[in-house]
Amino acid sequence: GDVYKRQLITVIFFFQAEDGIRDAQESRGLGDVYKRQDLDKAIGLVLARKGYDVWFGNNRGNKFSRNHTSLNPDHDAKFWEYSFQEFAHYDQPAVFPYIVKVTGVNRISYIGQSQGTSQMFAALADREPNVVNHIDKFIALGPVVHMKHITNLPMKLGAYSRLGHLAPYLGIHELDSFSPTSAYWTGWFCAKLPFFCSIPIWITTDANPEYINYKRWPVLMSHIPAGTSMRSLMHYAQIITSPDGTFKKYDYGKKKNLEIYGTEKPPVYPIEQIEEEVHLVCGTADRIADLKDASRLKGELKNVKQVIFHEGHDSLVLGKKSDVVDYILNVLQ
């Protein structure tokens, strides 16, 4: 079994405070960064104020989840041998029974964004028992599954150049590790020159960065990046460069694929097996979860509703408007 240590806490609305609270847990979907939104737009906090029992999960390897029973992330490359595939097979199935045990509630609605959607779609497609037995509704913000039409130029260039294959030989296993110093100066810079801070967003995630809530930008930017594994990026690169950008498992190479999967090529995730209620929340300006890929995903799901907002990949949760929050509240009622 997997031995990564994970921590979860119940989130209360006052964690919205702008005093740099760092002990609240983070996920790529709805954690540390997204609690720094305006009070009426921070999804988790709005739900908590409405009386929902809100939990934030830690994806391993971020700044709050670098513990292990035997491996040291600063020295042991093996610690970083994971992608959303491991999140789906080990981490997500461990979280749900824990929440059920603590709360006594058997059915849990899940809200994920970006990689947070990838890991849940993988878990549901593989019919992970501890997930399918407890999930109620799945709200996928900026769903990253099929990636044929991605317009994130750095990700595409990185994927097709295959430069990532050199990373292990160069001793690079961790990506975007959190640094308090760089976070401080990034926040300071974005407070002084918000326009220049918008350029990386425009190139990578949001075709229209004007949707972003720049009033909160210095606070938001001081909490990212949080850190992940190089393999996580490599897994997405493999999906991007596959013939149809199809959502599939990690490719270890023919020999190891045979050992792990029993086939020379990694299997495709059987999205069509997902039976749960899924809500695809998509953005017209999303450079990662393109609408054409989302439409393909919608066609493969049995119980699905899609809604499209004038937002980008990040502004779905970090935007100026509260329309996404309003939609989520309506779904959960």
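Values in this document were obtained by computation on a predicted structure and should not be read as measured data. (Residues numbered from 1 in each chain as written. Predicted model: local features only at pLDDT ≥ 70, side-chain atom pairs only at ≥ 80, totals over all residues. Heavy atoms only, no water.)

Caption draft 1: Expanded view of the overall build of the protein. A tally of regular secondary structure across the protein gives 13 helices and eight strands. By residue count, 53% of the 333 residues in the protein fall in the buried class. Partitioning the intrachain contacts of the protein with sequence separation of at least 6 by distance along the chain shows that 75% fall at a separation of at least 24. Total accessible area computed for the protein in this model is approximately 15100 Å², and 55% of it derives from carbon and sulfur atoms. (Helix = DSSP H or I, 4+ residues; strand = E, 2+ residues; numbered from the N terminus. Buried < 20%, exposed > 50% of the residue type's maximum accessible area, 1.4 Å probe, protein only. Contact = heavy atoms within 4.5 Å. Areas by Shrake-Rupley, 256 points an atom, 1.4 Å probe, with all protein chains shown as cover.)

Caption draft 2: The arrangement of the nonpolar core in detail. Among the nonpolar cores identified, the biggest contains 47 residues, and F121, F138, M147, F247 and I271 are the most heavily contacted of them. Element by element, the count of residues in this core is highest for helix α2 (residues 84-103), at seven residues. Apart from the residues within four sequence positions on either side, F121 is in contact with F138, A140, P143, V145, F247, I271, I274, V278, L280, L297 and L301. The next biggest cluster of nonpolar side chains, apart from the first, holds 26 residues, and it includes I43, F309, L318 and I328. (Core = buried A, V, L, I, M, F, W, Y, C linked by side-chain atoms within 4.5 Å.)

Caption draft 3: Looking closely at the packing of aromatic side chains. Counted under the stated rule, the structure contains 14 aromatic pairs. Within the aromatic cluster, the residues linked to one another by ring pairs are F79, W80, Y82 and F87. One Lys or Arg, R231, reaches over the ring of Y250 and ends 4.8 Å from the middle of that ring. The residue whose ring lies beneath R287 is W202, and the NZ or CZ to ring-centre distance is 5.5 Å. (Phe/Tyr/Trp six-rings, centres within 6.5 Å; stacked < 30°, edge-to-face > 60°. Lys NZ or Arg CZ within 6 Å of the ring centre and 35° of its normal.)

Caption draft 4: Highlighting the sheet that holds strand β3 (residues 108-113). Across the sheet, which stays open at both edges, the four strands sit in the order β3-β4-β7-β8 with parallel pairing between neighbours. The open sheet has two edge strands, β3 and β8 (304-309), and neither has a second partner. Each neighbouring strand pair of the sheet contributes to a mean axis angle of 15°, computed without reference to strand direction. Direction of pairing for strand β7 (residues 277-283) relative to β8: parallel, over a ladder of six bridges. Looking at β8, one finds that G283 is bridged to F309. Strand contacts of helix α3 (residues 115-125): β3, β4 (135-141) and β7, with the helix running at about 140° to β4, the strand carrying the most contacts. Packing against the sheet, helix α11 (residues 291-300) makes contact with β7 and β8, and its axis sits at approximately 170° to β7. (Pairing = 2+ DSSP bridges. Axes fitted to C-alpha atoms, helices over the stretch in contact; angles between N-to-C directions.)

Caption draft 5: Local environment of the confidence of the model for the protein. Averaged over the protein, the pLDDT score is 82; the fraction of residues at 70 or greater is 84%. Averaged over each element, pLDDT in the protein is lowest for strand β1 (residues 9-10) (34) and highest for α11 (98). Segment residues 4-35 is flagged for pLDDT under 50; beyond a separation of four residues in sequence, or across chains, it makes 122 contacts in the model. (pLDDT = per-residue confidence, 0-100.)

Caption draft 6: Representation of the pairing of β7. Summarising burial for β7: six of the seven residues are buried, a large majority. Bridge count for β4 against β7 is five bridges, and the pairing is parallel. Residue K137 lies in a different strand from β7, and its bridge partner there is E277. Following the chain from β7 across α11 to the adjacent parallel β8, one finds a crossover that is right-handed. (Right-handed = clockwise from strand over helix to strand, strands pointing away.)

Caption draft 7: Seen up close, the environment of I203. Here I203 is to be found in helix α7 (residues 194-204). Judged by its relative accessible area of 31%, I203 falls in the partly exposed class. Separated by 51 residues in sequence, I203 and N152 have C-alpha atoms that sit 6.4 Å apart. Setting aside residues no more than four positions away along its own chain, I203 makes contact with T151, N152, L153, P154 and R287.

Caption draft 8: Examining a nonpolar patch on the surface more closely. On the surface, L153, L157, Y184, W185, W188, F189, L193, F195, F196, I199, W202 and I203 cluster together into a nonpolar patch covering about 1300 Å² of accessible area. Taken together, the elements giving at least two residues each to the nonpolar patch come down to α5 (153-161), α6 (180-192) and α7. With five residues, the top contributor of residues to the nonpolar patch is α7. Among the residues examined, W185 registers a relative accessible area of 48% and is labelled partly exposed. (Patch = residues over 30% accessible without salt bridge, like charges linked within 9 Å, V, L, I, M, F, W, Y side chains within 5 Å. Salt bridge = Lys/Arg side-chain N within 4 Å of Asp/Glu carboxyl O.)

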